[in-house]
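Examination of the molecular architecture
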Amino acid sequence: MKSTQLAGSIAAAGLVAGAQTMSLADVCTVSHVQSSLPLDAFIGLEIKTSSVTASPVYNVSVSDQTFYPDGTFDYCNVTFAYSHAGRDDSILLGIWLPAPDAYQNRWLSTGGGGFAINLEGDLMPAGLLYGAAAGITDGGFGAFTTDLDAVFPSANGTINWDAIYNFGYQSHHELSVIGKAFNKNFFNTTASSSKLYSYYMGCSEGGREGWSQVQRFPEEWDGAIIGAPAIRYGQQQVNHLFPNVVEQTLGYYPPPCELEKIMNLTIAACDELDGRKDGVVARTDLCQLHFDLNSTIGEPYYCAAETTSENLKKRSAHTKRLTVSNTTPAQNGTVSAKGAEAAATMLKGLHTLDGKRAYIWFQITSAFSDAETQYNSDTDSYELDIDALSGEWVARFLELVEADNLSSLDNVTYDTLRDWMELGWRRYGDSLQTTYPDLSTFKEAGGKIIHYHGESDPSIPTGSSVHYHESVRKIMYPDLSYNQSTDAMASFYRLYLVPGASHCATNAYEPGPWPQDNMAVMIDWVENGVVPVTLNATYLSGEEKGSNAQICAWPLRPLWKNNGTVMECVYDQASIDTWQYDFNAYSLPLY
């Protein structure tokens, strides 16, 4: 069901008993919020009534967004703080509540990105548009705009474990339990027989936070919408350094335009392997099986000179304003054998010096963002540009020094990267790794999961999501066949690979569809029993902007027939096999 259809059915369903007699102005007051706080509901949590703020906001319009459709709504903007008994801390919550006549007994927790535990108000409209109150937490870091790395370590050599556990899972759990109880009090539905439906939405770090909730607190949720999750944290964060080490090992630092040319040639060559020529590679597995990167050698490339602003902390949600300018001259040349070798080595994924797999890389059509080199005008050459997010992870969270990046990668080898990955896994395995594969309790509680990942994601490997899905399947259904276990898991957990999509967003290089109305789809599944056999999506750009598309559920793969006019979801064992990984660089299983 499309979001517009769902919105109509919601409006027809009626209002919460008694709430329709109150206006937003009536309830959106400091005194009403204070009287609605669940002060005695949770042992060990002390809510601070004096911290309350409340203000009504009217006629908010949203359009051209990634995670929700166009719409207009009013809401009450509430903030308040709480602390833990015995600790000198303060955690700030932000909650947007719909007008009483729009409220539909729903709660939505939203997640963050990078080292940020929230995205401020970016995801909150996804709840308001469907009659849900929506919330964020600051994790106790001091403000909604303060990231984990600002409070870690406590001092050089000293781990701030409170911050780690808050970021890892605890603050989001407290957001949901406090937020839902407050929600009921605010709308005076505590005595109502109407169920409060509880949902989660997040992508990237927000996706990892979603899994942290489903895995640890399975009975808290009716539905979780999880995008491109940054799970397997020990491996994921170090993985951004892999292309830097490839370049250093090969002694070749390709101009960014050369790698972009390789990517564009790959997309063009693999476009029609899915049965349709549309500039979107919906079958990266077939591309991997049939495309030879060496065919790009000798192809000319050209990029005009440009000055760009680089985010000092790449992929961090709250530091976009911390930028430096880089000037790159015009790039004119042909794809070299060294350039093709560098690309092929990266796409193979991290292997130790003795050939054992330590991690996965991005799909063959993804941008080489992590591999970008920087131009040195003094030497008129390109040189290493250490990935800031990954460099900071190693310096700050592994070496425990207050530094925003590594100063160099001298003497760093593929084995070093593996060792860093294992150190992060060991140290933060119970807080940030977030790969617990037994979701039985969540399933038994009736919860549903929509898990999606862009197939051309250049930040978190698409295969990471596939590997976790397969880990859950094997752990939960060890005695069933592949098809039987897949079908059994699909009753509550479905994975969708979004053709051409980038990291938590559409892709400038491939104008494919995007699942914009996942909230509507999830509500239909949870509340109406409508199973999303395929995931509804919309083209948000390009010639097909506004048109509808359907995304196949894993392990089925899209294949267009009848001259690209009919899409079918097919089973292709050879393709499925390209997504299977044996992480034999570790002695323990890596879920």
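A brief look at the structure comes next. (Residues numbered from 1 in each chain as written. Predicted model: local features only at pLDDT ≥ 70, side-chain atom pairs only at ≥ 80, totals over all residues. Heavy atoms only, no water.)

What follows concerns the overall build of the chain. Each helix and strand counted, the chain has 18 helices and 20 strands in total. For the chain, whose C-alpha radius of gyration is 24 Å, the value lies close to the compact-globule estimate of 25 Å for 591 residues. The C-alpha extent of the chain, read off along each of the three principal axes, is 70 × 60 × 50 Å. Within the chain, counting contacts between residues at least 6 apart in sequence, those at least 24 apart form 73% of the total. With an accessible surface of roughly 22400 Å², the chain has 47% of that area assigned to carbon and sulfur atoms. Averaged over its 35 positive side-chain charges, the chain has a centre that lies 5 Å from the centre of its 68 negative ones. (Helix = DSSP H or I, 4+ residues; strand = E, 2+ residues; numbered from the N terminus. Rg over C-alpha atoms; globule rule 2.2 N^0.38 Å. Contact = heavy atoms within 4.5 Å. Areas by Shrake-Rupley, 256 points an atom, 1.4 Å probe, with all protein chains shown as cover. Lys, Arg positive; Asp, Glu negative; His and termini not counted. Charge placed at Lys NZ, Arg CZ, Asp CG, Glu CD.)

To continue, consider the sheet that holds strand β18 (residues 548–551). If you walk across this open sheet you meet the three strands as β16-β17-β18, and the pairing is antiparallel. On the outer flanks of this sheet lie β16 (513–514) and β18, each paired with one strand and no other. (Pairing = 2+ DSSP bridges.)

Applying the stated criterion across every chain, the model contains 19 salt bridges. With a shortest N-O distance of 3.1 Å, R473 and E470 are connected by a salt bridge. Separated by three residues within a single helix, R473 and E470 lie in helix α15 (residues 462–476), roughly one turn from each other. Its relative accessible area of 3% is what places E470 among the buried residues. For E568, the salt bridge identified is with K561, shortest N-O distance 3.0 Å. Assessed through its relative accessible area of 35%, E568 is described here as partly exposed. (Salt bridge = Lys/Arg side-chain N within 4 Å of Asp/Glu carboxyl O. Buried < 20%, exposed > 50% of the residue type's maximum accessible area, 1.4 Å probe, protein only.)

Following the sequence through the fold, S109 ends up in strand β4 (residues 106–110). Those residues in contact with S109 that lie beyond four places of it in its chain are G135, L175, S176, Y199, Y200, M201 and W221.

Looking at where Y252 falls in the secondary structure, it is placed in the loop between α8 (242–250) and α9 (256–270). Sequence spacing of Y252 and E341 is 89 residues, and the spatial spacing of their C-alpha atoms is 9.8 Å. For Y252, the contacting residues outside a window of four places in its chain are E247, E258, S336, K338 and G339.

Here the focus is the packing of aromatic side chains. Applying the stated criterion across every chain yields a total of 32 aromatic pairs. With a centroid separation of 5.9 Å and an interplanar angle of 55°, the aromatic rings of W161 and Y428 are classed as tilted. Here W161 is found in helix α5 (residues 161–186), whereas its partner Y428 is found in the loop between α13 (414–427) and α14 (440–444), with 267 residues between them in sequence. Under the relative-accessibility criterion, W161 is labelled partly exposed at 32%. Note on Y428: relative accessible area 1%, which makes it buried. Aromatic side chains W211 and Y493 sit 5.3 Å apart centroid to centroid with 70° between the ring planes, which places their arrangement in the edge-to-face category. Placement of the pair is W211 in helix α6 (residues 205–216) and Y493 in strand β15 (residues 493–498), with a sequence separation of 282 residues. For the pair formed by W211 and Y493, the shared burial category is buried. Joined through ring pairs, the aromatic side chains of F115, F152, W161, Y165, Y169, F217, Y233, W393, F397 and Y428 make up one cluster. (Phe/Tyr/Trp six-rings, centres within 6.5 Å; stacked < 30°, edge-to-face > 60°.)

Inspection of the entire model under this criterion finds one cavity of 30 Å³ or more. Considered as a void within the structure, the largest cavity measures approximately 110 Å³ in volume. What lines the largest cavity is a set of 13 residues, and nearest its centre among them are G114, S204, A230, Q237 and L389. Looking at the lining of the largest cavity, the element that brings in the most residues is helix α7 (residues 233–239), giving three residues. (1 Å grid on protein atoms, 1.4 Å probe; cavity = no way out; pocket = protein on both sides within 12 Å on 5 of 7 lines; lining within 4 Å. Points joined across faces, edges and corners; volume = space filled by probe spheres on them.)

Within a sheet, each strand pairs with its neighbour through backbone hydrogen bonds, oriented either parallel or antiparallel. Ordered in space as β1-β2-β3-β5-β4-β6-β7-β14-β15, the nine strands form an open sheet in which the pairing is mixed. This sheet does not close on itself; its edge strands, each paired only once, are β1 (45–62) and β15. If you compare each strand with its neighbour and ignore which way they point, the axes differ by 15° on average. Sheet contacts for α5: β1, β2 (71–84), β3 (91–98), β4, β5 (132–137) and β6 (197–203); angle to β4, the most-contacted strand, approximately 155°. (Axes fitted to C-alpha atoms, helices over the stretch in contact; angles between N-to-C directions.)

For helix α17 (residues 518–528), the tally of buried residues reaches nine of 11 residues, placing the bulk of the element in the interior. Listing the buried residues of α17 in full gives N518, M519, A520, V521, M522, I523, D524, W525 and V526. Positive backbone phi, at 75°, marks G529, one or two positions downstream of α17.

Our next topic: the state of the cysteines. Summed over all chains, the structure comprises five disulfides. One disulfide in the model links C28 with C76; its S-S distance is 2.1 Å. The sign of the 80° torsion about the S-S bond sets the C28-C76 disulfide as right-handed. Taken together, the positions of C28 in the loop between α2 (24–27) and α3 (30–36) and C76 in strand β2 put the pair 48 residues apart, joining distant regions of the chain. No difference in accessibility class separates C28 from C76, as the two residues are buried. Residue C257 pairs covalently with C303 via a disulfide, S to S 2.1 Å. With the S-S dihedral at roughly 85°, the linkage between C257 and C303 falls on the right-handed side. (Disulfide = S-S within 2.5 Å.)

This brings us to the environment of Y199. Looking at the secondary structure, you find Y199 in strand β6. On the accessibility criterion, Y199 (0% relative accessible area) is buried. For the pair Y199 and T565, spaced 366 residues apart in sequence, the C-alpha separation works out to 36 Å. When residues no more than four places from it in sequence are discounted, the contact partners of Y199 are R106, W107, L108, S109, W221, G223, M519, M522, I523, V526 and E527. Among the polar contacts made by the side chain of Y199, one reaches the side chain of E527 at a distance of 2.7 Å. (Polar contact = N/O pair within 3.5 Å; in protein donor to acceptor, adjacent residues only side chain to side chain.)

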